[in-house]
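Coordinates in review
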Amino acid sequence: MTLSGKRILLIISGGIAAYKSLDLIRRLRERGAEVRPVMTAAAQEFVTPLAVGALSASHVFTDLFSREDEQDVGHIRLARECDLVIVAPATADLMAKMASGLANDLASTILLATDRPVLLAPAMNPKMWAHPATRRNRKTLSSDGVRFVGPAAGEMAESGEAGEGRMAEPLEIVAAVEKLLNGGQKPLARRKAIVTSGPTHEPIDPVRYIANRSSGKQGHAIAAALAKLGAEVTLVSGPVTIPDPSGVRVIHVERAEEMRDAVLAALPADVAVMVAAVADWRVASAAGNKIKKKPGEAPPPLQLAENPDILKTIGHHPSRPTLVIGFAAETENVTENGRAKLERKGADYILANDVSHATGIMGGDRNRVKLIGRNGVEDWPDMDKEDVAAKLAARIADALSR
Ligand code: C5P
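Please read these numbers as outputs of a predicted model, since none were measured by experiment. (Residues numbered from 1 in each chain as written. Predicted model: local features only at pLDDT ≥ 70, side-chain atom pairs only at ≥ 80, totals over all residues. Heavy atoms only, no water.)

Re the pattern of salt bridges
Under the definition given, this model contains 30 salt bridges. The shortest N-O distance in the salt bridge between Arg27 and Asp23 comes to 3.5 Å. Here Arg27 and its partner Asp23 are both found in helix H1 (residues 18-30), four residues apart, which amounts to about one turn of the helix. Given a relative accessible area of 11%, Arg27 falls into the buried group. Two residues, Asp379 and Lys370, come together in a salt bridge whose shortest N-O distance is 3.9 Å. Classification of Lys370 as partly exposed rests on a relative accessible area of 24%. One salt-bridge network, held together by shared partners, links Asp23, Arg26, Arg27, Glu30, Arg31, Glu178 and Asp398. (Salt bridge = Lys/Arg side-chain N within 4 Å of Asp/Glu carboxyl O. Helix = DSSP H or I, 4+ residues; strand = E, 2+ residues; numbered from the N terminus. Buried < 20%, exposed > 50% of the residue type's maximum accessible area, 1.4 Å probe, protein only.)

So, the sheet that holds strand E1 (residues 7-12)
The strand order across the open sheet formed by five strands is E2-E1-E3-E4-E5, and the pairing between neighbours is parallel. Both outer strands of the open sheet, strand E2 (34-39) and strand E5 (147-148), are each paired with one neighbouring strand and no more. By the bridge criterion, two bridges tie strand E4 (residues 118-122) to E5 in an arrangement that is parallel. Looking across to E5, one finds that Leu119 is bridged to Arg147. Most of the contacts of helix H5 (residues 92-100) go to E4, to which it runs at about 145°, and overall it touches E1, strand E3 (84-90), E4 and E5. (Pairing = 2+ DSSP bridges. Contact = heavy atoms within 4.5 Å. Axes fitted to C-alpha atoms, helices over the stretch in contact; angles between N-to-C directions.)

Examining the nonpolar core
As a rule of thumb, soluble globular proteins bury nonpolar side chains together. Val195, Ile222, Leu226, Val233, Val273, Leu392 and Ile396 are the most contacted members of the largest nonpolar core, which has 32 residues in total. Elements that contribute at least two residues to this core include exactly strand E8 (192-197), helix H10 (217-228), strand E11 (232-237), strand E13 (271-274), strand E16 (323-330), strand E19 (369-373) and helix H14 (385-400). Tallying contributions element by element places H14 first for this core, with seven residues. When sequence neighbours within four positions are dropped, the list of residues in contact with Leu392 reads Ile222, Val273, Ile325, Leu351, Leu371 and Trp380. By size, the runner-up hydrophobic cluster in this structure holds 31 residues, among which are Val35, Leu84, Leu119 and Ala168. (Core = buried A, V, L, I, M, F, W, Y, C linked by side-chain atoms within 4.5 Å.)

A look at the packing of H10 against H14
Where H10 contacts H14, the axes come no closer than 8 Å and their chain directions differ by 45°. Classified by the angle their axes make, H10 and H14 are oblique. In terms of crossing hand, the pair formed by H10 and H14 is right-handed. Listed contacts from H14 to Lys217, Gln218, Ala221, Ile222, Ala225 and Leu226 of H10 are Lys385, Glu386, Val388, Ala389, Ala390, Leu392, Ala393 and Ile396. (Parallel < 35°, antiparallel > 145°, perpendicular 65-115°, else oblique. Left-handed = near helix turned anticlockwise from the far one by under 90°.)

Considering the site of the ligand
Around the ligand, a shell composed of Met274, Val275, Ala276, Val278, Pro308, Asp309, Ile310, Leu311, Gly326, Phe327, Lys341 and Lys345 is seen. At a separation of 2.5 Å, an oxygen atom of the ligand approaches a polar backbone atom of Met274. Here an oxygen atom of the ligand and a backbone polar atom of Phe327 are 2.7 Å apart. Starting from 440 Å² of accessible surface for the ligand in isolation, the protein chains cover 84%. Among the detected pockets, the ligand sits in the second largest pocket. Every element with two or more residues in the shell around the ligand is listed here: helix H12 (310-315), E16 and helix H13 (334-345). Counted by class, the shell around the ligand contains eight nonpolar, one polar and three charged residues. (Near = heavy atom within 4 Å. Polar contact = N/O pair within 3.5 Å; in protein donor to acceptor, adjacent residues only side chain to side chain. Areas by Shrake-Rupley, 256 points an atom, 1.4 Å probe, with all protein chains shown as cover. 1 Å grid on protein atoms, 1.4 Å probe; cavity = no way out; pocket = protein on both sides within 12 Å on 5 of 7 lines; lining within 4 Å. Sits in = over half its atoms within 2 Å of the grid points. Nonpolar A, V, L, I, M, F, W, Y, C, P; charged D, E, K, R; others polar.)

Observations concerning the layout of surface pockets
Reported here for the second largest pocket is a volume of approximately 900 Å³. Considering the residues around the second largest pocket, the lining is formed by 36 residues, among which Val275, Ala276, Ala277, Val278 and Phe327 are closest to the centre. Mapped by element, the contributors of at least two residues to the lining of the second largest pocket are H10, H12, E16 and H13. Looking at the lining of the second largest pocket residue by residue, the class counts come to 16 nonpolar, twelve polar and eight charged. (Points joined across faces, edges and corners; volume = space filled by probe spheres on them.)

Written as structure tokens, this is what we have:
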């Protein structure tokens, strides 16, 4: 557990993103951290101290002038008896208070009294985030040594307005916490990953082959995202026109059987992500010489043989990686078919996409997937393949850290 024994003071200020702090508490505790929550008055309009208390298994501090709390712990001890103070969500108002040293409630008083590192996850309307006053405050806080995670760009929950201001996702905040507290160790350091990507080419004769339209964009992006989190990545790629991602060992293959051999040779690994669009069939016996077109003769028949299923082989292998992940392109009953595939192939997760409307996923830059696991299904919004890759890499780091 990456945060074993770490004591975190979590200040929740008032914003719709406060609901995500409930998940943040859960994620921090899963990693062994102890979470002491402090809520502002406004935060309690969005989530209840009861929910925060239940998830953190701790008393929730809300009032500077509570006689019992002051006798018991006291705001100065609260501010100092921790390894890190997180403010999530951090509102424009609380940032302004911090920047000017105001201390008129428990949260702002702790933030002025603490000598511990402070991490802010701002969440506010994009106009408020872009306002010169907030920009000034942010600069002041940065030069005071306060760290930031997010905000991200996206649509606001309340207004539907788009722009920067959405609170970082709980797992991103956790990653920032781990980085801060564990001396910058990357979450997938010393982990080995195998990724397949691209199509396979199955020869008919020395000059002709059977192929498909896979570009390799999604698989390559996943290999790059895993490497970015510190993993040692072997990417086994079929023939593609995109460049090799940096920081990754790339093995170029053509046929499914070569791809399988390269994947097996790269074992053992902690995670395998099989993204390649492996051809289901190869030509049973490819001709050694170019097949000649003979005038007046019927076209030669193509006898096909089934290719090895690489995902299934890995999913049932004696040296099976801890995590085995596959993809599925489905045109109907996406979830049910994905679930069945998960079982059949011995995978832990299947990322399924609905290709029924010829949405340009294959070869395109964006992807819309469902993450199907043993315990449920998540519907991810339409995003860039790079973002799908980053989100998946974060999930892999998360699953391997348990
Ligand atoms: O069975 P289907 O081709 O739909 O399964 C897709 C998943 O299985 C993908 O993750 C793909 O990379 C993997 N696969 C494989 N070897 C095959 C066929 C599919 O690894 N021969």
